[in-house]
Amino acid sequence: MSAVIEENVGSLADVTSGAINIKDVVKIYDPDGAAVMAVDHCSIDIPAGEICMIVGPSGCGKTTLLNAIAGFHDITSGSIHLDGELLCGPGKPQAKPGSDRIVVFQNGALFPWKTNLDNIAFGPMMVGNQSKAEIYDKARSMMADAGLSGTENNFPGEVSSGLRRRVEIVRALMNDPKVLLFDEPYRALDSLTKSVMHEALLEIYYRNKVTIFFITHDLEEAIFLGHRLIIMSSRPCKPKKIMEVDIPHPRDYSVLTSPRFRELMNEAKDVVHEEAQKAFDAGEKEG
Amino acid sequence: MSISKFTDKLFSRATLRGIFAIGIFMVFWEVGARSEEWFGYRFPFIGLVPPPTDVFVSWSGLIADPSYWQSWYMSFLRVFGGFLAAMVVGIPLGLFMAINKSFYGMAFPSFEVLRPIPPLAWVPASIIFWPTQELSIAFVTFLGAFYTIVINVLGGAKSINKQFLQAAQSMGASQWDMFRRIVLPATLPSIVVGSAVGMGITWEVVVAAEMISGGGSSGGGAGGGLGFFIWSSYVGGSYEQIIVGMISIGIAGYISSELLRQLGGLLTPWLKTR
């Protein structure tokens, strides 16, 4: 890691855009008359450049919140602002999807018919305010930075799942987003690949600081990556506990064995277990 | 593919196995067909079939006969004419049904009522309402491929991963970009599969249509296509030529499918990597 990165890695002071304000958001699904509350008066403030980890039991409505920010879903009430600008709220139930907020999906959404390089160049090519040569030069250099040299002309199906995820993150960053929205992107990876991916993600983050809204089940992942953990209650989803992760950045895998990491893990585990139990019990009643 | 790769493939174990199997089959056929002559006992079924040697003698006599090749040409013309028309009409129809809900609601029920009608059931009707026999045969072959292509395109376009569309939308793709760069390539594998299946049905249909309609307006055995070639051989009592016609159709169908497979492979290079 270069010296430049290490100097300002701890502070978010140099990040000027990407602050998200989620205020009193409610989302009620009403598919067949039986109203189901997925998100209940949820308020979260995420400062620009923060890695904010959203942890919660399965099906608690975390993804609903992410989709509302991305603009794939509407909200029932409340508001979401990005850098003070209204994304969705009163009079505008659904945000418009845009390249300032890019989602990295759980199962990956690289286009299998495009090579890795073409995938990465896709966003800027669609926007079309740079020349093709500029876009492809930038795509190549970003791939090189992320350790993806040599896979430019491969199709996504030809590389390992870990590399695919990295290609997808680079594709997201090519759009110069203010916010990256991760929906459990590493869920399907084995734990060894995961640990490599975590370090790679942090390295990419230190180089291009953007706000990261990261949904996960994995507490170790959450504490290792995040500035903050927001532990959600079981459905309906609302923040139950907010934990600051006071382990300084840059982090590497030695952090995992530090006493502070263990303490945070234990603290988080208690809260999460309680909510998971609640979700489980609720599930039994419904069934 | 380089020349050496091609010859490697040509003389590969798989090819030799195929040739070996065909050889074994020929031996059984010859023995069975000549059973009465050789053993004084006629094997059931196969004992009535002309032996392959006679078939090849008959075939070698036909190789130089332009009317035999004319039959190939006519059948190919009808198959590819009907098939291309089915692609031109079927692919846009399937795509449009997939992306437009109200059109789907209107078109799908009538489509599903027409689909189970076998193409051959259309022969009498199409002879009545098409001005020439040629057009009525082409129409029936068109129907053979049409339904399969539409169903495959529709299914493929409907099952596109929604996240591809969401990702493209987030990255600033317009409606037209989403159609051209996401929906179309994502449906391409289904188009290829539908076409390959449709091509097979087209050959089945064209032969029967030629037999029923008497080979088309170009008249006689010469212009009638391979189906009519078989039929007229049967009527003329030349059993060897029936077999020649059958094998010819097999080869013609294989060439058509292989052509489509190669073309499909070129269009969907990312599928080779799986």
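Model, not experiment: these values are computed from the prediction. (Residues numbered from 1 in each chain as written. Chains lettered and ligands numbered in written order. Predicted model: local features only at pLDDT ≥ 70, side-chain atom pairs only at ≥ 80, totals over all residues.)

Would you mind going over the overall build of chain B with me for this structure?
Assigned secondary structure in chain B consists of 12 helices and 0 strands. Starting at the N terminus, the α and β elements of chain B follow one another as α-α-α-α-α-α-α-α-α-α-α-α. For chain B, the C-alpha atoms occupy an extent of roughly 80 × 55 × 35 Å along the three principal directions. Within the span of chain B, comprising 274 residues, buried residues form 34% of the whole. A separation of at least 24 residues holds for 67% of the contacts in chain B among residues at least 6 apart in sequence. (Helix = DSSP H or I, 4+ residues; strand = E, 2+ residues; numbered from the N terminus. Buried ≥ 20, exposed ≤ 12 C-beta atoms within 10 Å, placed from the backbone. Contact = placed C-beta atoms within 7 Å.)

Quick question: what am I supposed to make of the overall build of chain A here?
Along chain A, the regular secondary structure elements total 8 helices and 10 strands. Rg of the C-alpha trace for chain A: 19 Å, near the compact-globule value of 19 Å for 287 residues, within the 12% margin. Its C-alpha atoms give chain A principal-axis dimensions of about 55 × 50 × 40 Å. When the 287 residues of chain A are sorted by exposure, 44% land in the buried category. (Rg over C-alpha atoms; globule rule 2.2 N^0.38 Å.)

Please clarify how the sheet that holds strand β5 (residues 85-88) of chain A should be interpreted in this entry.
Where strands meet in a sheet, backbone hydrogen bonds hold them as pairs that are either parallel or antiparallel. All names here are of chain A. What the 4 strands build is an open sheet, ordered β2-β1-β4-β5; its pairing is antiparallel. At either margin of the open sheet sits one strand with a lone partner, and together these are β2 (36-46) and β5. Pairs of neighbouring strands in the sheet enclose a mean axial angle of 30°, with direction left out of account. Bridging between strand β1 (residues 20-29) and β2 involves 7 bridges; their strand directions are antiparallel. (Pairing = 2+ DSSP bridges. Axes fitted to C-alpha atoms, helices over the stretch in contact; angles between N-to-C directions.)

Sorry if this is basic, but what is going on with the confidence of the model for chain A here?
Close inspection of predicted coordinates is inappropriate in any region flagged by low pLDDT. Averaged over chain A, the pLDDT score is 85; the fraction of residues at 70 or greater is 93%. Long-range and interchain partners of residues 1-5 of chain A, a stretch whose pLDDT sits below 50, account for 6 contacts in this model, where long-range means more than four residues apart. (pLDDT = per-residue confidence, 0-100.)

Would you explain the interface of chain B and chain A in this entry?
The accessible area lost on association of the parts is a frequent measure of interface size. Contact residues are listed per partner, giving 15 residues for chain B and 21 residues for chain A. Of all the secondary-structure elements, those providing two or more residues to the side of chain B that touches chain A are α9 (162-170) and α10 (175-213) of chain B.

Looking at this model, I keep getting lost on the domain arrangement of chain A. Mind explaining?
All names here are of chain A. Assigned domains of chain A: these are domain 1 (23-100 + 178-186 + 197-287) and domain 2 (104-176). A straight line from the C-alpha centre of domain 1 to that of domain 2 covers 26 Å. With 13 residues of domain 1 at the interface, the matching set in domain 2 holds 14 residues. Put simply, the parts of the chain that give the side of domain 1 that touches domain 2 at least two residues each are β7 (179-183) and α6 (191-207). Residues belonging to the side of domain 1 that touches domain 2 are distributed by class as follows: 8 nonpolar, 2 polar and 3 charged. (Domains from an automatic or database assignment. Nonpolar A, V, L, I, M, F, W, Y, C, P; charged D, E, K, R; others polar.)

What's the story with the pairing of strand β3 (residues 51-55) of chain A in this structure? I'm lost.
Residue and element names in this part refer to chain A. Among the 5 residues of β3, 5 are classified as buried, and the element is accordingly described as predominantly covered. Burial along β3 is two-sided: the residues I51, M53 and V55 and C52 and I54 are all buried. Note that β3 and strand β8 (residues 211-216) share 5 bridges and pair parallel. Across the sheet, residue M53 finds its bridge partner in β8, namely F214.

Before we go on, may I ask you to explain the domain arrangement of chain B in this structure?
Entries for chain B in the domain assignment read domain 1 (1-49) and domain 2 (65-273). For domain 1 of chain B and domain 2 of chain B, the distance between their C-alpha centres works out to 31 Å.

Looking at this structure, how should I read the sheet that holds strand β9 (residues 228-232) of chain A?
Residue and element names in this part refer to chain A. With mixed pairing, 6 strands are arranged side by side in an open sheet as β6-β7-β8-β3-β9-β10. At either end of the open sheet lies a strand with only one pairing partner, and these are β6 (101-104) and β10 (239-244). Shown here is a sheet whose adjacent strand axes are inclined to one another by a mean of 20°, direction ignored.

Looking at this model, I keep getting lost on the packing of helix α5 (residues 66-99) of chain B against helix α8 (residues 133-158) of chain B. Mind explaining?
Helix packing for two helices is described by the angle between their axes and how far apart those axes are. Residue and element names in this part refer to chain B. The N-to-C vectors of α5 and α8 enclose an angle of 30°; their axes lie 7 Å apart at closest approach. By the angle between their directions, the pair α5 and α8 is classed as roughly parallel. Crossing angle aside, the handedness with which α5 passes α8 is right-handed. Each residue belonging to the contact of α5 with α8 can be placed in one class, and the counts come to 22 nonpolar, 6 polar and 2 charged. (Parallel < 35°, antiparallel > 145°, perpendicular 65-115°, else oblique. Left-handed = near helix turned anticlockwise from the far one by under 90°.)

Got a minute to help me understand the environment of I102 of chain A in this structure?
Mapped onto the secondary structure, I102 of chain A falls in strand β6. Spatially, the C-alpha atom of I102 of chain A lies 6.4 Å from that of P177 of chain A, the residues being 75 residues apart in sequence.

Would you mind going over helix α5 (residues 161-173) of chain A with me for this structure?
Working note: α-helix, 3.6 residues per turn, so residues spaced by three or four point in the same direction. Residue and element names in this part refer to chain A. Over its 13 residues, α5 extends 19 Å from the first C-alpha to the last, a length consistent with the 18 Å expected when each residue adds 1.5 Å. The element α5 is largely enclosed, with a buried count of 11 among its 13 residues. What α5 keeps buried is the set L163, R164, R165, R166, V167, E168, I169, V170, R171, A172 and L173. Turning to α5, the residues buried within the fold contact β6, α3 (116-127), α4 (132-145), β7 and α6. (Expected span 1.5 Å × (residues − 1).)

Just checking my understanding: could you explain the nonpolar core for this structure?
Side chains that are nonpolar tend, in soluble globular proteins, to be buried together. One finds M53, V55, I69, V170, L181, F213 and F214 of chain A to be the most contacted residues of the largest nonpolar core, which totals 132 residues. Broken down by element, the residue count for this core peaks at 15 residues, all from α8 of chain B. In this structure V55 of chain A touches T216, L219, A222, L229, I230, I231, M232 and V272 of chain A, once residues within four positions along its chain are discounted. (Core = buried A, V, L, I, M, F, W, Y, C linked by C-beta atoms within 7 Å.)

Where do I start with the pairing of strand β4 (residues 77-82) of chain A in this structure?
Here is the key point about a regular strand: its side chains alternate between the two faces of the sheet. Residues and elements named next belong to chain A. Relative to β4, β1 runs antiparallel, the two sharing 5 bridges. In the sheet register, I22 faces β4, and the bridge partner there is I80. As paired strands, β4 and β5 are joined by 3 bridges and run antiparallel to one another. What sits directly across from H81, in β5, is L86. Between the antiparallel neighbours β4 and β5 lie 2 residues, among them D83 with a positive phi of about 50°.

How should the packing of α5 of chain B against helix α12 (residues 239-267) of chain B be read in this particular structure?
Residue and element names in this part refer to chain B. The contact between α5 and α12 brings their axes to 12 Å, and the two run at 40°. On the basis of their axis angle, the class for α5 and α12 is oblique. Judged by the sense of rotation from one axis to the other, the crossing of α5 with α12 is right-handed. Counted together, W72, S75, F76 and V79 of α5 and S248, A252 and S256 of α12 form the full contact between these two elements.

Can you walk me through the confidence of the model for chain B in this structure?
Residues and elements named next belong to chain B. Overall, the prediction assigns chain B a mean pLDDT of 87, with 95% of residues at 70 or greater. Low pLDDT, under 50, characterises residues 217-222; the predicted model gives this stretch 10 contacts beyond four residues in sequence or across chains. Two summary scores accompany this predicted model of the complex, namely pTM at 0.79 and ipTM at 0.83.

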